[in-house]
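# Fold and geometry: a report
Single-letter residue listing:
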Amino acid sequence: KHVILGDNVYAMMITNGEKGNHALDKSECFESLGKLLIPKSNILFGNFPDGFVIDNQELVDFIEKKINEFKIDKIYTHSSQDRHQDHKNVSLAVSAAARKIPALLLYQSPSTLVNFEPHYFITLSNKILNQKIKALNCYKTQIDKGLDLGVMKSLAHVNGSKINAKYAEAFELNHLIVGGNYV
């Protein structure tokens, strides 16, 4: 949605996914984000060791430097309610690094725990949902490991039902400031 609205969108991968059987040439990542209209020049890699991401000053500084360099004012990242240690630690580091920006939303992923508690929903049109599913379909290595795109679509349907919409994405709020006020 942000690209369609004319926003400059960046995607940051903290690791290269080498332990998770991701394509080492990053081709799945580039193809997937291309389907979401994110230019290759806006795809950033931290090159931290996959499976060993630590919420520490080095990671916080790396993320905060990119936030400042690209003048980021809204971030979507993993929820800390995630069973994958890298996702959890990235969420914590982003929370520290993004403390001065207006919006930090924490998304639901296949590895999010059941205690994920969303309070913010964004409706999805059929077109946008299908575009996101097509983007996820680029990750053949992850589909081979069990990523079920049907479940992803069902999740969007369940989230939509919570707000009287056909489809929606659900987010926990780390913080959201609108008009100078916390939401």
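Residues numbered from 1 in each chain as written. Predicted model: local features only at pLDDT ≥ 70, side-chain atom pairs only at ≥ 80, totals over all residues. Heavy atoms only, no water.

## Re the overall build of the protein chain
For the protein chain, the count of helices and strands is 6 helices and 7 strands. Ordering the α and β elements of the protein chain from the N terminus gives β-α-β-α-β-α-β-β-α-α-α-β-β. Here the C-alpha radius of gyration of the protein chain, 16 Å, is about what a compact globule of 183 residues would show, namely 16 Å. Principal axes of the C-alpha set define a box for the protein chain whose edges measure 45 × 40 × 35 Å. Out of the 183 residues belonging to the protein chain, those deemed buried represent 39%. Summed over all atoms, the accessible surface of the protein chain reaches about 10,400 Å², with 53% contributed by carbon and sulfur. Counting 21 positive and 19 negative side-chain charges, the protein chain places the centres of these two groups 6 Å from one another. (Helix = DSSP H or I, 4+ residues; strand = E, 2+ residues; numbered from the N terminus. Rg over C-alpha atoms; globule rule 2.2 N^0.38 Å. Buried < 20%, exposed > 50% of the residue type's maximum accessible area, 1.4 Å probe, protein only. Areas by Shrake-Rupley, 256 points an atom, 1.4 Å probe, with all protein chains shown as cover. Lys, Arg positive; Asp, Glu negative; His and termini not counted. Charge placed at Lys NZ, Arg CZ, Asp CG, Glu CD.)

## Quick word on the pattern of salt bridges
In the structure shown here, the tally under the stated rule is 3 salt bridges. Among the salt bridges present, the one from E64 reaches R99, with a minimum N-O distance of 3.2 Å. Taken together, the residues E64 in helix α2 (residues 57-69) and R99 in the loop between α3 (85-97) and β4 (103-107) connect sequence positions 35 residues apart. Here E64 falls in the buried class, since its relative accessible area comes to 15%. Of the charged contacts, one joins E169 and K132 as a salt bridge, the two residues approaching to 3.0 Å between their closest N and O atoms. With E169 in strand β6 (residues 168-178) and K132 in helix α4 (residues 126-136), the pair connects residues that are 37 residues apart, well separated along the chain. For K132, a relative accessible area of 28% translates into the label partly exposed. (Salt bridge = Lys/Arg side-chain N within 4 Å of Asp/Glu carboxyl O.)

## What to know about the state of the cysteines
Evaluated as defined, the whole model comprises 0 disulfides. The thiol sulfur of C29 is not disulfide-bonded, and the nearest other cysteine sulfur, from C138, lies at 10 Å. By relative accessible area, which is 6% here, C138 ends up buried. (Disulfide = S-S within 2.5 Å.)

## Describing the pairing of strand β1 (residues 11-15)
Where β1 and strand β2 (residues 43-48) come together, 4 bridges link them in parallel fashion. In the sheet register, A11 faces β2, and the bridge partner there is I43. Following the chain from β1 across helix α1 (residues 27-35) to the adjacent parallel β2, one finds a crossover that is right-handed. (Pairing = 2+ DSSP bridges. Right-handed = clockwise from strand over helix to strand, strands pointing away.)

## Let's talk about the side chain of E172
The topology assignment puts E172 in strand β6. One buried charge, E172, has no salt-bridge partner; the nearest side chain with opposite charge is K162, at 11 Å. Reaching out from E172, the side chain makes a polar contact with the side chain of S79 at a distance of 2.6 Å. For E172, the residues in contact, after removing those within four places along its chain, are S79, Q81, L104, L105, L106, N115, F116, E117, P118 and H119. (Polar contact = N/O pair within 3.5 Å; in protein donor to acceptor, adjacent residues only side chain to side chain. Contact = heavy atoms within 4.5 Å.)

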